[in-house]
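Summary of the model geometry
One letter stands for each residue in the lines below.
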Amino acid sequence: MMGLSKSAHWFSIVISGENMMDEDLVLSPDTPTVDRIEFYFVNGDEVVRTSVTGDTIPLSQLDYPYRIPVIPFEITAQGRCTKIILRATSSVGVEIPLTLTTASLLAESQQSVLVFDGALLMIFLFCFGISVVLFAYKRDTLFLGVTFFFRGTTIFLLTQTGLGRIWFWPGSIDANTRISLVSATALIASLCLIGRSLHFENRYRSSANIVLRFLIYGMISLGLDYIIIPFHQMNSDNVVPIMVIALLVAITVLIMASITAAQDSKAAIYLVTYWSLIILA
């Protein structure tokens, strides 16, 4: 179930089960970045229980304080079904792969995910450290752009995995969304900086550099805007343009790097190879 709009998204499912009366059941939408999900448990025509989760709810107010929403669920009397109505709202899009499982199975399945996310964070942090050293030694704009790219990617990954809420901002109601959008603008600005650092012979190079310079300043301004604007003003109107710009910038810089690599630039060859691996991933 996915969506991207300023309005709320409503979903309805019916769950029934046999021989699960004594199980410690939980509902798990694997969506660390959804702002708010309201669960309404309905038996017949009566709402018997409600629960609210999302990354705008402080961890201390959640039924299960975890990096993704986890809602306790009880099977009703045998032979009866439970209807669940969900109302989801989010400024960065809605995606709800809802799973009914037990607490122990959820903990077991999340171990491999946490290991992967932790390893990915360590890789990005390592690459960030290497980039800092290379920039300090070479003083090259390319390495400055790569440094900002890995720093922005690391922060963005913290917001998208929910680990940032657990480790750094557990009590905030808007930090995850704001930091996610600010880090996204930083990523776009870093790509623009990388593109401007590429040296190749082409008649459109000057025009491309002018556009990339304009986008760098634009992303800085937009990042500051995401920090200071009221949270309720963050919606799909703010997010969709960023997504489109990010895609266009990534394609443009990849083309520029490919042209530079074709002109025997080793740095550009490494950049194109790395970019291709990211796209394939």
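Fair warning: this is a prediction, and the values are worked out from it, not measured in the lab.

Rules and cut-offs
Residues numbered from 1 in each chain as written. Predicted model: local features only at pLDDT ≥ 70, side-chain atom pairs only at ≥ 80, totals over all residues. Heavy atoms only, no water. Phe/Tyr/Trp six-rings, centres within 6.5 Å; stacked < 30°, edge-to-face > 60°. Helix = DSSP H or I, 4+ residues; strand = E, 2+ residues; numbered from the N terminus. Buried < 20%, exposed > 50% of the residue type's maximum accessible area, 1.4 Å probe, protein only. Expected span 1.5 Å × (residues − 1). Bend = angle between axes of the 7 residues up to and from the residue. pLDDT = per-residue confidence, 0-100. Salt bridge = Lys/Arg side-chain N within 4 Å of Asp/Glu carboxyl O.

A closer look at the packing of aromatic side chains
- All told, the structure shown has 6 aromatic pairs when counted by the stated rule.
- Plain terms: the ring middles of Phe41 and Phe73 are 6.0 Å apart, the flat faces sit at 35 degrees to each other, and that makes the pair tilted. One end of the pair, Phe41, is in strand E4 (residues 36-43); the other, Phe73, is in strand E6 (residues 71-73), with 32 residues separating them in the sequence. This pair shows no difference in class: Phe41 is buried, exactly as Phe73 is.

Let's talk about helix H1 (residues 103-138)
- Between its first and last C-alpha atoms H1 spans 51 Å; for 36 residues at 1.5 Å apiece the expected length is 52 Å, and the two agree.
- Where H1 bends most, at Gln111, the angle is about 30 degrees.
- Among the residues of H1, those classed as buried are Leu106, Gln110, Asp117, Leu121, Phe124 and Ser131.
- Two residues or fewer after H1 comes Arg139, characterised by a positive phi angle close to 55 degrees.

Comments concerning the confidence of the model for the chain
- Per-residue pLDDT for the chain has a mean of 83; in total, 88% of the residues score no lower than 70.
- Per-element confidence in the chain ranges from a low mean pLDDT of 52 for strand E1 (residues 2-3) to a high of 91 for helix H3 (residues 163-167).

Observations concerning the side chain of Ser197
- For Ser197, the position within the fold is in helix H4 (residues 175-197).
- Classification of Ser197 as buried rests on a relative accessible area of 8%.

Remarks on the pattern of salt bridges
- Taken as a whole and assessed by the stated rule, the structure comprises 3 salt bridges.
- With a closest N to O distance of 2.9 Å, Asp174 and Arg178 form a salt bridge.
- Residue Arg178 is classed as buried on the basis of its relative accessible area, which comes to 14%.

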